[in-house]
Amino acid sequence: MTRRAVARGIGHYLPDRIVPNSHFEGLIDTTDEWIRTRSGIERRHFAAEGQTTSDLATRAAEAALAHAGLTAQDIDGIIIATSTPDLTFPSVGTMVQHALGMTRGFAFDVQAVCAGFIYALCNANALIVAGQADRLLVIGAETFSRIMDWEDRSTCVLFGDGAGALILEAREDAEDRGILATDLNSDGRYRDMLYVDGGVSTTGTSGKLRMQGNPLFRQAVDKLASTAVTALERAGLSGADVDWVVPHQANIRIIAGTAKKLGLPMDRVILTVQDHGNTSAASIPLALSIGVADGRITTGDLILSEAIGGGLAWGAVVMRW
Ligand code: ACO
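Reading guide: rules and limits
Residues numbered from 1 in each chain as written. Predicted model: local features only at pLDDT ≥ 70, side-chain atom pairs only at ≥ 80, totals over all residues. Heavy atoms only, no water. Near = heavy atom within 4 Å. Polar contact = N/O pair within 3.5 Å; in protein donor to acceptor, adjacent residues only side chain to side chain. Areas by Shrake-Rupley, 256 points an atom, 1.4 Å probe, with all protein chains shown as cover. 1 Å grid on protein atoms, 1.4 Å probe; cavity = no way out; pocket = protein on both sides within 12 Å on 5 of 7 lines; lining within 4 Å. Sits in = over half its atoms within 2 Å of the grid points. Helix = DSSP H or I, 4+ residues; strand = E, 2+ residues; numbered from the N terminus. Nonpolar A, V, L, I, M, F, W, Y, C, P; charged D, E, K, R; others polar. Buried < 20%, exposed > 50% of the residue type's maximum accessible area, 1.4 Å probe, protein only. Contact = heavy atoms within 4.5 Å. Salt bridge = Lys/Arg side-chain N within 4 Å of Asp/Glu carboxyl O.

Draft legend 1. Quick peek at the site of the ligand. Around the ligand, the structure places 27 residues, and the nearest of them are Thr 30, Arg 38, Cys 114, Asn 214 and Asn 251. Note that a nitrogen atom of the ligand is positioned 2.8 Å from one of the backbone N or O atoms of Arg 153. Coverage of the ligand by the protein chains reaches 74% of its 1000 Å² of free accessible surface. When each cavity is represented as a set of grid points, the ligand is found to reside in the second largest pocket. Listing elements by their share of the shell around the ligand, those giving two or more residues are α2 (32–39), α6 (153–156), α7 (213–234), α8 (252–261) and β12 (302–309). Among the elements that take part in the shell around the ligand, α7 stands out by supplying four residues, more than any other. Split by residue class, the shell around the ligand holds 14 nonpolar, nine polar and four charged.

What follows is the structure in structure tokens.
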């Protein structure tokens, strides 16, 4: 008997407002063609005024609960990956817990920027395998539109808002189902490659995102491929066993470069970057949810997810759906 964390339900939420690349053409020195060819992004969703990360996360959680046929009372805890919380504290997790009407269990946030959902999944997996919880809601939710410098053309065209939620459940007889292996890494020497230039104990403001895109791009492909190989090896598997790569969606060229290094064709990659832009910690659960909803991901499929973000922090998860 092997106790594992197995996917029970998935859902997502995207704000109504869709912003095409052409929106930026009149505002900054850029073109739809540059954004499409350099990043693969065609459009993204932006949260409405007053709509917060916890609002998006709650909608995604409700969709996942409906998909699983569960209610909030069936959940032992909530882990939310976000770098754009409603407030400095309390956590977005406790806000979502309250919004869902949950009065038991626990909730907390994980902050690993674009790698946040991978970090949250690893935490949830460890809690479930250790017997601390039987059913957890793992959510990636972001409002990156709130930390954009709208005059910085090298960043403001790349990001979007959204949320995705996955329900993980303990199974004692899981054997080959659920989370099979994980790998986490970080290295603070790369801090200046991607950061927000404000915070509680420095400026007292929330700050704006700053990124050295090109050096980060080069780090991303190498680190994503190597963490993916490590996680696959830990599961006793190789690229050939993977049915679907569900990567962090920052840039189509990073996704394609990583898939090439792993020897995986692009028709085995779930791509949402064209429609969502980079939604940071929300991008993997959004892509998973869309892959399940449109019938590509089905029970028994082997899924490889990898992500890298500010820190730098990066990692991978191998799971059988
Ligand atoms: N429109 C037109 N031109 C632009 C724009 C724009 N929106 N933005 C930048 N440029 C220009 C630059 O100024 C530069 O011009 P120059 O050569 O005259 O100096 C030129 O385009 C090329 O710029 P590069 O930065 O070299 O372009 P690159 O091919 O690297 O693509 C990009 C840029 C899309 C940002 C890419 O580097 C990238 O995706 N990087 C990684 C992003 C990422 O993975 N982030 C991690 C996750 S995010 C997180 O954790 C929050």
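Draft legend 2. Fine view of the side chain of Asn 278. By the secondary structure assignment, Asn 278 is in the loop between α9 (273–276) and α10 (283–293). Overall, the relative accessible area of 5% leaves Asn 278 in the buried class. A distance of 2.8 Å separates a polar side-chain atom of Asn 278 from the backbone nitrogen of Ser 280. Ignoring anything within four residues of it in the chain, the contact list for Asn 278 reads Ile 41, Cys 114, Leu 158, Phe 159, Gly 160, His 248, Gln 249 and Ala 250.

Draft legend 3. Here's a closer look at the pattern of salt bridges. Tallying each qualifying case throughout the model produces 19 salt bridges. Two residues, Arg 104 and Asp 76, come together in a salt bridge whose shortest N-O distance is 2.8 Å. Of this pair, Arg 104 sits in the loop between α4 (92–99) and β5 (106–110) while Asp 76 sits in the loop between α3 (53–68) and β4 (77–81); the two residues are 28 residues apart in sequence, bridging distant segments of the chain. Salt-bridge contacts for Asp 149 lead to Arg 210; the nearest nitrogen and oxygen are separated by 2.9 Å. Of this pair, Asp 149 sits in the loop between β6 (135–143) and α6 while Arg 210 sits in strand β10 (residues 209–211); the two residues are 61 residues apart in sequence, bridging distant segments of the chain. Overall, Arg 210 belongs to the partly exposed group, its relative accessible area being 23%.

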